[in-house]
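# Examination of the molecular architecture
Listed below are the residues making up each chain.
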Amino acid sequence: MALPTRQNRADELPFERLLKNNNLGIIENPLRRLDEDDIVRDVQKFHQEERLSNVVNDKTMIRGGLLAADEEVFKANGDLSRPEELALESEKESTIWQESKELKIILLTCFVASIVQGWGQGAIVGANQQWPNELGLRTGLTSSTKNTGSTGDIWRFSATNAIVYFSASTLGAFLCDPLTEIVTGRRGALFVAGLFTFGASVGAAYVQSWQALFATRVLLGIGMGAKTSVVPVYESEVSPARLRGQFLVSWQTGTALGIAFSAMIPLIAPHSWRFQISSSFIPSAVLLFLVFVGSESPRWLIKKQRYAEAYRVLLRLRGTELLAARDLYLIRAQLMIETILFMRGESDIVDLGNEVPHLAFRIYQKQISLSAYGRRILQLFTIPRARRSTVAAFVVMSAQQLSGINIFAFLAATLFDFAGISDKKSLWLYFGFGMANFISSAVAYFYIDTKGRRFLLMASLAAMVPLLLATGFSFLTDSNAVKVGLVSTFLILYTFAYSPGAGVVPFLYTSEIFPQVLREVGMAWGSAVTFFGAGILALVVPQLIHAIGQTALLGLFAGLDAIALFLVWLLVPGTEQQVSSITMEEMNYVFGVATRTHVHYQVHEVAPWFFQHYFTGRKTDHLDPLYRYAKSRNDAADRKQDVEMQDC
C-alpha cells in the first residue's frame, strides 16, 4: 500500500494545515485533540522506547502527559497532591526571584554575557578620541582638528570602528549553529564566543598600528556575533512561558549596563586608550568561569533526543517531577510536529491523522541529517511558517538600526566632540547615555509580558521621532553651555524612549519566534541583519557628520524611524497579552497565519477601528483579536470545525 503524499496528507493532518494556512488565527495545544487513552498509550510507548525508567517512572510520565493535554480537566479529576497543586499555582504567580536556583544561575550567566556584549561594543568610544593620532591617522573629527582630516584616514577610522559589526554579521552570527553542534550545546558555543572576546580584548592593548587594531576588532566581532545568536535563544529555551519576556529583558539591560561600564573607564583612566579599548576582558573572564556552572538547554537536548538528560534539567528548572514530565512530553510532541512539517523524505511520511506525531529514532535522525546547515538556511525563506518569522525578525532588527540609537552608542564622543563640546564633557554625555539606557531598559521588565512585545516596540519608535528631531535642532544653538544642556536633555529623553521598546524587543522577539529546528539559524540571520546595519552606520556616519552635519543626520534618522514604525505595524505579528504567554512551540500557530491575512487585518480592521475610536469621538465596539487560543478539548473541537470550514 502506497504511503500518502504531502498533498494528500494536507487533508488529513490538521497540525500541518494550521501551521501552513492558519487564517483563523488559532493557537492550540495539539494534545488537546486527543483522548486520554491515546495519550496514555503514546506516553507508555515513549517511556519504554527511550528507556526513561532510570530517571522517571511511567506513572509520573503518564500524569505529566495528561497534564500537558488539558490542565483544567486534570485538576478536576483530583489527581494532584498538595505539593503539586502548590507548584502549579506558584508557576502562574511566581516572580523571577521565586524561580529555581538552576534558573537563576542560567539567568546570571546570560546577564554577564550581555554585559560583555555591551562593554565590548562601547570600549572603543572613548578611545576614539586618542588612538587615531597615536596610530598615525588624521581624521579631523575633533573640534581642534576640524576640516584638517584626510578622507582616506577618515575611512580607515570608520572601517576600524565598523569592522566589528561586519565581522559579527558575516562570521560570528553564523557560527552559532555549527558551534552548537560541534562544541555540544548552548553552553559550549557561549564558551567559545567568550574566548574570542577575551582574546581580542587583551590583544587590542598591545597593537602598534591601525591594521593590528583592525584585526583584533575582527576577532571581537566573531565573539559578539556568536554571543548574540546564542544567549537570547538559551534564555528563551529555559524560561517559563509566562516569564519569558522578563527573562529576555536581561539581554538588553545587561548590554546597556555593559555600555555604561565601558563609558566609566575613560573617566577613570582618561589618558590610557589602550586600557579603555581592552577593558572588556574583565567581564569576559567572569563569563568563562560561569558558563559551565548552569545546565544545558532542555529544548536543545530534546532536539538531540537526549530525553533522560532533558528530564533531569527540567526537574532542576521546574522543581517537581510532574511539571518536568509535562514539559518534556509537550516539547517533544511539538518538536515532532515541526520535524514532520519540514520533512524532506516522502518515503518516511505516515498518515498521522489526529494522533500524537511519533517518529521512530531512525526516521527522526534521517530528517535531522537531511536538514543540513545550508538546507536550514534555505528553509527560512521557502517554508511559509519559517518565512513569516524571518520577515518579522528582519523588520524588528532593522527597526533597531533605523532608530538611530547606534549613532550615540558607537560614535557618541566623536559626534559631540565635532560639535565643539569638550572631550571631558563628551565622555560624561556618553556615560549619561549609557546609564539612561540601562535604567530605562529595566522599565520593560514590568510591561513586556502584559502589554506585549509589539506594543512596546511601536510605542518606542513613535516616541523617538520627535525626540530625534529635537536633539538634532539642539546642535544649532550658538551658546556652548545651552547646547550641552539641550543635547543632554533630549538625548536622555530619547534614550528613555528607545530602551524599553526598540532596545529590548528585537533580540527578545527574534529568539522566540522560530521553530526549534531552525532556531539557531533564524537567530543568526536576525543578528546578521542588525549587525550589518550597525556596521553600515559606523562606516558612513563619520562621513555624514562631515558632509551634512549633526542636525540633518538626526533628521534623516527621524524619517527612517517613522518608516520602521510603519513596517512593524504592518508586518510584525503581535504578542498581545493572551499571545505573549504562549509557549515557544505554540508560536508555530501564530506564524501559521499568512502575512496577507495579518496585513488585511491591520489595514481593514485595526486602522478603521483606531481612527474611529481615537479621532472621531464615536464609541466603537471592542476590536476582535486576530488570534484565538483553544484552552480546552471542547475549544479544540470547535477550532477543528473552523479549520474544516476554511476549505469549504
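Whatever comes next refers back to the structure up there.
Residues numbered from 1 in each chain as written. Predicted model: local features only at pLDDT ≥ 70, side-chain atom pairs only at ≥ 80, totals over all residues. Heavy atoms only, no water.

### Some details on the overall build of the protein chain
Quick reminder of the rule: Numbering of helices and strands starts at the N terminus; helices are DSSP runs of H or I of at least 4 residues and strands are runs of E of at least 2. Exposure categories follow from relative accessible area, calculated using a 1.4 Å probe and restricted to protein chains: below 20% of the type maximum is buried, above 50% is exposed, and the middle band is partly exposed. Any pair of residues with heavy atoms lying within 4.5 Å of one another is described as a contacting pair. Residue burial considers only the protein chains on display, and all accessible areas are found by Shrake-Rupley using a 1.4 Å probe.
Helices and strands together make up the secondary structure of the protein chain, namely 31 helices and 2 strands. Residues classed as buried in the protein chain amount to 60% of the 648 residues present. Within the protein chain, contacts between residues at least 6 apart in sequence are counted, and of these 81% link residues at least 24 apart. With an accessible surface of roughly 24400 Å², the protein chain has 61% of that area assigned to carbon and sulfur atoms.

### Comments concerning the environment of Ala226
As for its placement among the helices and strands, Ala226 is situated in helix H12 (residues 210-238). You can call Ala226 buried: its relative accessible area is 1%. Discounting residues that sit within four places of it in the chain, Ala226 has contacts with Gly172, Ala173, Leu179 and Ala193.

### Re helix H6 (residues 82-93)
Test applied: Expected helix span is computed as 1.5 Å times (number of residues minus one). In this description, one arc is meant: the one made by directions from the helix axis to the C-beta atoms.
Taking 1.5 Å per residue, 12 residues should reach 16 Å; H6 reaches 17 Å between its end C-alpha atoms and fits that length. Three or more residues of H6 are buried, namely Glu84, Ala87 and Leu88. Taken end-on, H6 shows its buried residues confined to a sector of 95°, consistent with a single buried face. Those residues of H6 that are exposed and aimed more than 90 degrees away from the buried face are Arg82, Pro83 and Glu93.

### Concerning helix H27 (residues 519-571)
To keep things clear, this is the line we draw: Fitting one axis to the seven residues ending at a residue and another to the seven starting there, the bend at that residue is the angle between the two axes.
Taking 1.5 Å as the rise per residue, H27 with 53 residues should run 78 Å; its terminal C-alpha atoms sit only 20 Å apart, a clear shortfall. The axis of H27 is deflected most strongly, by about 110°, at Ile548.

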